[in-house]
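Read off the chains here:
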Amino acid sequence: MPEHRDRERLRETFAEVAEQYDRARPTYPAAVFDDIAGLARLAPGARVLEIGPGTGKATVELARRGWEVTAVELSPELAGIARRNLEPFPQAEVAIADFEDWEPDEAGFDAVVAFTAFHWIAPELRYAKPARLLRPGGSLAVVATHHVTPEDADPVWVEAQADYDAVVPHPDNRPPPPPEEVPDLREELEASGLFAGVEVRRHRWDVAYTADEWTAVLGTYSPNIALPAGQRDELFGRIHGRIAARPGGTATQHYLAVLSVGRRP
């Protein structure tokens, strides 16, 4: 099964760039966590299970809100940094395990959450296992993060497609989609038969990057990590030069967080 093998291979690449991941990846807007709190009805002290926390980019905010967080991370390298970042929050713990195999000492979580990690879970477990680990009335909250091209987009990302076409040509090469074309998980959550009352929230935010900062971000994306070193260096060099040559030497990336929340009946 090529898709399964690709997923298994790519989700393990992040360990190679753990510290860079923690430095370069953006955080999430506070409004995303506000929506999770409201839609999942999470009061201080709620028990929250996080799938694939990475270095704890979202986990720290979950813990800061007073929730008891159990985060399950595949990579020991990423988990080590997450534990470091979570030191001020004794009610948060990070387990090193494959979520697909991991079992808690006690289930019945108030919420299961995933931030830019849900797609790494095997399709047959994606909805079934969170549903099993939730208490009745508990919620699954999934945040997917996308690059988008809004009407007021920085044109550099359309221009940079020439770099991808030259170095990593592929029929799917294209600029990021407009925000309104980015899908959510409503249909999948409802089709699973395991969740009801599905609600979706969308939040766009922009981040200005220097050439060095953006190529650092690029170096944390699994398809880029998996490229042969020479090809990766050529691609990053072209994009770095493109951004560095602009007035001010920066480019603004447009992000969209799509939050889909379903409740276990």
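Residue indices begin from 1 for each chain and proceed along its sequence in written order. The model is predicted, so local features are restricted to residues of pLDDT at least 70 and side-chain atom pairs to those at 80 or more, both for listing and for counting; the totals for chains, interfaces and linings are taken over all residues. Excluded from the side-chain calculations are hydrogens and water; all other atoms, namely the structure's heavy atoms, are used.

**Side note on the packing of helix α11 (residues 211-218) against helix α13 (residues 229-244)**
Each pair of packed helices can be summarised by the angle the axes make with each other and by the distance between the axes. Their axes nearest at 9 Å, the elements α11 and α13 cross at an angle of 150 degrees. In terms of orientation, α11 and α13 fall into the roughly antiparallel class. Handedness of the α11/α13 crossing: right-handed. Packed against α11, whose contacting residues are Ala-211, Asp-212, Trp-214, Thr-215 and Leu-218, the element α13 presents Phe-236, Ile-239, His-240, Ile-243 and Ala-244 at the interface. Interaxial angle, 0 to 180 degrees, is taken between N-to-C directions of lines fitted to C-alpha atoms, where a helix line uses only the stretch in contact. Put simply, DSSP H or I for four residues or longer makes a helix, DSSP E for two residues or longer makes a strand, and each gets a number counted from the N terminus. Geometric relationships in this document are graded by angle, where less than 35 degrees denotes roughly parallel, more than 145 denotes roughly antiparallel, 65 to 115 denotes roughly perpendicular, and other angles denote oblique. By convention, the crossing between two helices is left-handed when the near helix turns anticlockwise from the far helix through less than a right angle, and right-handed when the turn is clockwise. By the convention used here, residues are in contact when the closest approach between their heavy atoms is within 4.5 Å.

**Considering helix α5 (residues 76-85)**
For the exposure calls, accessible area comes from a 1.4 Å probe over protein chains only, and a residue counts as buried if that area is under 20% of its type's maximum, exposed if over 50%, partly exposed in between. Along α5, the residues classified as buried are Leu-78, Ala-79, Ile-81 and Ala-82. Projected down its long axis, α5 carries its buried residues within an arc of 160 degrees, all on one side. Packed against the buried residues of α5 are α2 (18-24), β2 (68-73) and β3 (92-96). Summarising the geometry, the arc corresponds to the directions from the helix axis toward the C-beta atoms.

**Quick notes on the sheet that holds strand β4 (residues 109-115)**
Pairs of strands are assigned from DSSP output, requiring at least two bridges between the strands. If you trace the seven strands from one edge of the open sheet to the other, you get β3-β2-β1-β4-β5-β7-β6, paired in mixed fashion. Across the chains shown, the open sheet's two edge strands, defined by having one partner strand only, are β3 and β6 (196-210). If you compare each strand with its neighbour and ignore which way they point, the axes differ by 20 degrees on average.

**Describing the pairing of β2**
Regular strands show a simple pattern: their side chains alternate between the two faces of the sheet. For β2, a buried count of five out of six residues is recorded, marking the element as mostly surrounded by other parts of the structure. Looking at chain direction, strand β1 (residues 47-51) and β2 are connected through five bridges and run parallel. Bridging across to β2, Glu-50 finds its partner in Ala-71. Taken together, β1, helix α4 (residues 59-64) and β2 constitute a β-α-β crossover, and its handedness is right-handed. Where β2 meets β3, five bridges bridge the pair, whose relative direction is parallel. Paired with Val-72 across the strands is Ala-95, a residue of β3. The crossover handedness rule: strands pointing away from the viewer, path from first strand over the helix to second strand clockwise, crossover right-handed. The parallel pair β2 and β3 is bridged by α5, and the resulting crossover is right-handed.

**A closer look at the side chain of Glu-73**
Summarising the element assignment, Glu-73 is placed in strand β2. Overall, Glu-73 belongs to the buried group, its relative accessible area being 6%. Of note is the side chain of Glu-73, whose polar atom sits 2.9 Å from the backbone nitrogen of Ser-75. Leaving out residues up to four positions away in the same chain, Glu-73 has contacts with Gly-52, Pro-53, Gly-54, Leu-78, Ala-79, Val-94, Ala-95, Ile-96 and Ala-97. Any N or O atom pair separated by 3.5 Å or less is treated as a polar contact, with the protein-specific requirement of one donor-capable and one acceptor-capable atom, and with residues adjacent in sequence counted only for side-chain atom pairs.

**Some thoughts on the pairing of strand β5 (residues 134-147)**
Two elements, β4 and β5, share six bridges in a ladder whose sense is parallel. Counted as the bridge partner of Val-113 is Ala-141 from β5. One ladder, built from nine bridges, connects β5 with strand β7 (residues 250-263); its direction is antiparallel. Bridging from a neighbouring strand, Ala-141 pairs with Val-261 of β7.

**Some thoughts on the pattern of salt bridges**
For salt bridges, the criterion is a side-chain nitrogen of Lys or Arg within 4 Å of an Asp or Glu carboxyl oxygen. By the definition in use, this model includes 15 salt bridges. A salt bridge links Glu-61 to Arg-64; its shortest N-O distance comes to 2.8 Å. Of this pair, Glu-61 and Arg-64 both sit in helix α4, three residues apart, which is roughly one turn of the helix. Residue Glu-61 is classed as buried on the basis of its relative accessible area, which comes to 18%. As a salt-bridge pair, Asp-184 and Arg-202 come within 3.7 Å of each other at their nearest N and O atoms. One end of the pair, Asp-184, is in the loop between α9 (161-167) and α10 (186-191); the other, Arg-202, is in strand β6, with 18 residues separating them in the sequence. For Asp-184, a relative accessible area of 30% translates into the label partly exposed. Judged by its relative accessible area of 36%, Arg-202 is partly exposed.

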